[in-house]
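# Notes for the structure review
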Amino acid sequence: MARIIVITSGKGGVGKTTTSAAFAMGLAEHGHRTIVVDFDVGLRNLDLIMGCERRVVYDFVNVISGEANLSQALIKDKRNPNLFILPASQTRDKEALTLEGVGKVLTELAEDFEYVVCDSPAGIERGATLAMYYADDAIVVTNPEVSSVRDSDRMIGILSSKSRRAEQNLEGIREYLLVTRYSPERVEKGEMLALEDVREILSLDLIGVIPESQAVLNASNSGVPVILDRESSAGQAYSDMVSRYLGEDLPHRFLTIEKKGLLGRLFGG
């Protein structure tokens with residue numbers, strides 16, 4: 001049976017869609033048949049980051065409304081045969097998503113895939129609550145900033161009380177913490193929260209720390225999940241995150257200021 005994983009946050013702009021694309025690609029690269037679903041109706045971006053925007057014919061809402069079947073809407077990734085994308089509608093209202101419709105689609109996907117990754121909108125709007133409702137696992141994405149961490153804390157409360165698992169008195173959603181845009185230099189200057197502070201506030205298992213990196217923007221603009229940029233610190237950190245999710249015990253990297261060599265100290269390189 002597939003695991004349904006929601007990528008969520010309380011605040012927008014923290015990197016959920018980047019994370020969804022990288023995480024899904026990472027699972028596929030490990031040989032797992034994976035589908036990533038865009039729940040952000042009206043503001044879809046996942047297809048851009050995955051580089052398949054020109055191939056969208058039918059979408060999530062078309063399937064729910066019966067205008068297309070699931071196989072018509074799925075887009076096979078060009079780089080990995082294990083990975084598929086189900087895009088969101090760019091023209092419909094968020095009310096087009098229904099609890100029953102979403103449940104039916106996810107049930108159908110679970111029969112054909114090992115992992116269903118749900119790219120959730122921020123906050124507690126309809127698309128976000130529906131993405132969370134059916135989740136088995138949740139990755140809470142936060143930046144090391146007070147407002148982002150505070151909003152993430154609120155999402156944790158919703159995950160534990162308003163999910164299908166909570167309603168049916170089943171084992172709770174497995175929750176993980178992913179800290180993005182982390183900069184040891186800015187932490188040292190007091191411009192952002194230290195990792196220890198974020199972990200203390202949210203009290204979740206830390207699955208990854210993604211360093212602030214130009215590679216994330218470059219990858220998004222190119223329509224390539226950043227995890228495929230194996231030379232970048234962000235790509236390596238996402239790869240580590242996927243491995244941890246799959247059970248590997250790996251140390252966290254990129255948490256301290258990189259020491260410059262003699263030439264770097266002399267010439268500022």
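Now for a description of the structure that goes with this document.

Parameters and conventions
Residues numbered from 1 in each chain as written. Predicted model: local features only at pLDDT ≥ 70, side-chain atom pairs only at ≥ 80, totals over all residues. Heavy atoms only, no water. Helix = DSSP H or I, 4+ residues; strand = E, 2+ residues; numbered from the N terminus. Rg over C-alpha atoms; globule rule 2.2 N^0.38 Å. Buried < 20%, exposed > 50% of the residue type's maximum accessible area, 1.4 Å probe, protein only. Contact = heavy atoms within 4.5 Å. Areas by Shrake-Rupley, 256 points an atom, 1.4 Å probe, with all protein chains shown as cover. Lys, Arg positive; Asp, Glu negative; His and termini not counted. Charge placed at Lys NZ, Arg CZ, Asp CG, Glu CD. 1 Å grid on protein atoms, 1.4 Å probe; cavity = no way out; pocket = protein on both sides within 12 Å on 5 of 7 lines; lining within 4 Å. Points joined across faces, edges and corners; volume = space filled by probe spheres on them. Nonpolar A, V, L, I, M, F, W, Y, C, P; charged D, E, K, R; others polar.

### Topic: the overall build of the protein chain
When you go through the protein chain residue by residue, the secondary structure sums to 13 helices and eight strands. The C-alpha radius of gyration of the protein chain comes to 18 Å, within 12% of the 18 Å expected for a compact globule of 269 residues. Taken over the C-alpha atoms alone, the protein chain extends approximately 65 × 40 × 35 Å along its principal axes. Residues classed as buried in the protein chain amount to 52% of the 269 residues present. In the protein chain, of all internal contacts separated by at least 6 residues, the share reaching a separation of at least 24 is 74%. Roughly 12500 Å² of accessible area belongs to the protein chain as shown, and the carbon and sulfur atoms make up 47% of that amount. Separation of charge centres in the protein chain, based on 30 positive and 39 negative side chains, amounts to 3 Å.

### Let's talk about empty space enclosed by the protein
Enumeration according to the criterion identifies two cavities of 30 Å³ or more in this entry. Empty space within the largest cavity amounts to approximately 40 Å³. Taken together, Gly208, Val209, Ala237, Asp240, Arg244, His252, Arg253 and Phe254 make up the full set of residues lining the largest cavity. Of all the secondary-structure elements, those providing two or more residues to the lining of the largest cavity are strand E8 (205-211) and helix H12 (233-245). Element by element, the count of residues in the lining of the largest cavity is highest for H12, at three residues. In terms of residue class, the lining of the largest cavity is made up of three nonpolar, two polar and three charged. Its boundaries defined by the atoms lining it, the second largest cavity holds a volume of some 30 Å³. Every residue along the wall of the second largest cavity is listed here: Thr18, Ala21, Ala22, Ile49, Val216, Ala219, Ser220, Val224, Pro225 and Val226. Those elements giving two or more residues to the lining of the second largest cavity turn out to be helix H1 (16-29) and helix H11 (214-222). Residue classes in the lining of the second largest cavity are distributed as eight nonpolar, two polar and no charged.

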